[in-house]
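# Residue-level structural notes
Take a look at the letters that make up each chain.
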Amino acid sequence: MNTNRIAIFDTTLRDGEQSPGCSMYLEEKIEMARQLELLGVDVIEAGFPIASEGDFNSVRAVSAECTRATVAALARTVSDDIYRAADALKGSHRSRIHTFVATSDIHLEFKLKKSRSAVLEMTRQSVRTAKGLADEVEFSAEDATRSDVDYLCEVFAAAVDEGATILNVPDTVGYTLPTEYANLIRMVKQKVVGDRDVTISVHCHNDLGLAVANSLAAVEAGARQVECTINGIGERAGNASLEEVVMACSVRSDKMPFENGIDTTQLYPTSELLSSIISFGVQPNKAIVGRNAFAHEAGIHQHGVLSNPLCYEIMTPESVGVLKNDIVLGKHSGRHALSSRYEELGFSFAPDEIADIYSRFVELADKKKNIYEQDLIGIVQASQVPVLAA
Ligand code: KIV
Ligand code: ZN
């Protein structure tokens, strides 16, 4: 077992899909699953089979489609859910039942209306049932970060005794902070896992904008599976964004010496595919995949980039899969090519104004090997030229 390998568990098709504006048709889920395999995720959570016929069918179809990734199906800790998940996973080459129950007192009292001992027993029974029906069982303690730690560890220990090999510690409501979450992960590792072959997983929501930071802190503390979604889609403010987690580990491998199976050049194509399927794209300043992620608009930044791209570029667009087509122009391109490329991007200039834009472009193209779409936007923003609608 490689103790420095992080498994990437993608839940775009389950936690992502269940958020407003993100529903997908079956064919679209299959297309996403194919792309996620190409991206190199380890696990694809394809749905919650008991929730609807549509979810059942998508888990079944994704199971039939995937040849490399493990396919996971979500189930509450009730036997109907577990059997339905197992049924949907039948055609998969590697199956995982992901069963969950809340462990925080607030959820027990107001949502489940169950005692701690009842939830403990439900955990035991469901993991035991699931163990006989899938290749592996993951157990999640919903609202783990607001649960009593001793009780949380007791429930996790019961899940491991019954055969769960992945323990997920969700920050369901996006409440925790990086140091606090890291301490919780250390505690679970020490009190529950010890030297057993059990993977600690993290699943962070972004209500305070900390999902990625919390996930990374957890990895440093010993978690070895990160649950995340493409473009960070998910309930409310979303889930940890897969592309941000992966690129943080890649760019800062000096501090995060962990491996994963992701082909980073597939990040941008995957993000684009998802945006074309659901009803919204990413904001322009979204890290890694946003339209402006590699644009340098401030004059001082442009100056730095002109001197040496490393002044302001910590990663290249190519490393995340911004395609050659997006490398729009080079230093030999003429004014006409430049204007028409700007028109494609939705910008139009009066004839005399293109001269200023063009000279800025030539200056940049002279120093910087590749001019990206984002650079063109940066040039316009740095110039004072008024933009007409194209
Ligand atoms: O956020 C959460 O707690 C979940 C669980 C079902 C893992 O999505
Ligand atoms: Zn979630």
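Remember, predicted model here, so these are calculated numbers, not experimental data.

## Comments concerning the site of ligand 1
Surrounding ligand 1, one finds R14, D15, H98, F100, S140, E142, N168, P170, T172, H203 and H205. A distance of 2.6 Å separates an oxygen atom of ligand 1 from a polar side-chain atom of T172. H203 places a side-chain nitrogen or oxygen 3.1 Å from an oxygen atom of ligand 1. For ligand 1, whose free accessible area comes to 260 Å², the fraction covered by protein is 94%. When each cavity is represented as a set of grid points, ligand 1 is found to reside in the second largest pocket. Listing elements by their share of the shell around ligand 1, those giving two or more residues are α1 (12-16), β4 (95-102), β5 (136-142) and β6 (166-171). Split by residue class, the shell around ligand 1 holds two nonpolar, six polar and three charged.

## Brief notes about the coordination of the zinc ion (ligand 2)
The coordination sphere of the zinc ion (ligand 2) contains the protein donors D15 (OD), H203 (NE2) and H205 (NE2), at a distance range of 2.0 to 2.1 Å. The sequence pattern describing where the donors of the zinc ion (ligand 2) fall on their chain is D-x187-H-x1-H. Highlighted residues: D15 in helix α1 and H203 in strand β7 (residues 199-204), separated in sequence by 188 residues. Residue D15 is classed as buried on the basis of its relative accessible area, which comes to 2%. Given a relative accessible area of 5%, H203 falls into the buried group.

## Notes on the pattern of salt bridges
Counted by the stated rule, this structure contains 26 salt bridges. We note a salt bridge from R94 to E136, for which the minimum N-O separation is 2.7 Å. On the criterion of sequence distance, the pair formed by R94 in the loop between α4 (79-88) and β4 and E136 in strand β5 is long-range, its members being 42 residues apart. A salt bridge links R128 to E162, with the nearest nitrogen and oxygen atoms 2.9 Å apart. Of this pair, R128 sits in helix α6 (residues 116-131) while E162 sits in the loop between α7 (149-161) and β6, and the two are 34 residues apart along the sequence.

## As for the packing of α7 against helix α8 (residues 178-193)
Geometrically, a packed helix pair is captured by the angle between its two axes and the distance between the axes. The interhelical angle for the contact between α7 and α8, taken along N-to-C directions, is 50 degrees, at an axis separation of 10 Å. Taken together, α7 and α8 sit at an angle that is classed as oblique. As α7 runs across α8, the sense of the crossing is right-handed. Note on element contacts: α8 touches α7 through L184, M187, V188, K191 and V192, opposite V149, D150, L152, C153, F156, A157 and V160. Partitioned by chemical class, the residues of the contact of α7 with α8 number 10 nonpolar, no polar and two charged.

## Observations concerning the environment of L152
Secondary-structure assignment places L152 in helix α7. We classify L152 as buried; its relative accessible area is 0%. Taking the C-alpha atoms as reference, L152 lies 8.2 Å from S104; in sequence the two are 48 residues apart. Those residues in contact with L152 that sit more than four places away from it in its chain are T103, A141, A144, S147 and L184.

## Brief notes about the sheet that holds β7
Within the closed barrel, the eight strands sit side by side as β1-β2-β3-β4-β5-β6-β7-β8. Their pairing is parallel. Sheet twist, expressed as the mean angle between neighbouring strand axes with direction ignored, is 25 degrees. Inspection of the sheet shows β4 paired to β5 by seven bridges, in the parallel sense. Of the residues in β5, the one forming a bridge with A102 is E142.

## Thoughts on the pairing of β7
Walk down a regular strand and you will see the side chains alternate between the two sheet faces. The element β7 is largely enclosed, with a buried count of five among its six residues. In terms of handedness, the path from β6 via α8 over to β7 forms a crossover that is right-handed. Bridge count between β7 and strand β8 (residues 225-228): three bridges; the pairing is parallel. Counted as the bridge partner of V202 is V226 from β8. Considered for its hand, the β-α-β crossover made up of β7, helix α9 (residues 211-221) and β8 is right-handed.

## Observations concerning the environment of A46
With respect to the helices, strands and loops of the structure, A46 is situated in strand β2 (residues 43-47). As for A46 and E121, which are separated by 75 residues in sequence, their C-alpha atoms are 27 Å apart. In this structure, A46 is in contact with L13, S58, V59, V62, V71 and A72, ignoring residues within four places of it in sequence.

## Quick look at the environment of L177
Its place among the elements puts L177 in the loop between β6 and α8. Non-local contacts of L177, meaning those with residues more than four positions away in its chain, are made with L210 and N214.

About the thresholds
Counting from 1, residues in each chain are numbered in the order their sequence is written. Working convention: letters from A go to chains and numbers from 1 go to ligands, in the order in which they are written. In keeping with the predicted nature of the model, local features appear solely for residues at pLDDT of at least 70, side-chain atom pairs appear and are counted solely at 80 or more, and the whole-chain, interface and lining totals rest on all residues. To obtain the side-chain values, all non-hydrogen atoms of the structure were included, while hydrogens and water were left out. Residues are counted as near a molecule or strand when any one of their heavy atoms sits within 4 Å of it. Polar contact is defined as a pair of N or O atoms within 3.5 Å, subject to the rule that within protein one atom must be able to donate a hydrogen and the other to accept it, and that residues adjacent in sequence are counted only when both atoms are side-chain atoms. All accessible-area figures derive from a Shrake-Rupley calculation using a 1.4 Å probe, and residue coverage is judged against the displayed protein chains alone. Points on a 1 Å grid over protein atoms alone make up a cavity when a 1.4 Å probe fits among them but cannot get out, and a pocket when they form an open set with protein on both sides within 12 Å along at least five of seven lines; lining residues each have an atom within 4 Å of a point. Throughout, a molecule is located in a cavity or pocket provided that more than half of its atoms lie within 2 Å of its grid points. Segments assigned H or I by DSSP are reported as helices when at least four residues long, segments assigned E as strands when at least two residues long, and all are numbered from the N terminus. Each residue is assigned to one class: nonpolar for Ala, Val, Leu, Ile, Met, Phe, Trp, Tyr, Cys and Pro, charged for Asp, Glu, Lys and Arg, and polar for all the others, Gly among them. Here a donor is an N, O or S atom found within 2.8 Å of the metal, or within 3.2 Å if the metal is Na, K or Ca; sites may look incomplete because water is not among the atoms. Any residue under 20% of the maximum accessible area for its type is buried, any over 50% is exposed, and the rest in between are partly exposed; the area is computed with a 1.4 Å probe on protein chains only. Criterion for a salt bridge: a side-chain nitrogen of Lys or Arg within 4 Å of a carboxyl oxygen of Asp or Glu. Between N-to-C directions, angles cover 0 to 180 degrees, with each direction set by a line fitted to C-alpha atoms, over the stretch in contact for helices. By definition in this entry, angles of less than 35 degrees are roughly parallel, angles greater than 145 are roughly antiparallel, angles of 65 to 115 are roughly perpendicular, and the rest are oblique. Left-handed is the label given to a crossing in which the near helix is rotated counterclockwise from the far helix by less than a right angle, and right-handed is the label when the rotation is clockwise. Residue contacts follow a heavy-atom distance rule, with two residues in contact if any of their heavy atoms lie within 4.5 Å. A strand pair is defined by DSSP finding two or more bridges across the two strands. With strands facing away from the observer, any crossover in which the path from the first strand over the helix to the second runs clockwise is taken as right-handed.

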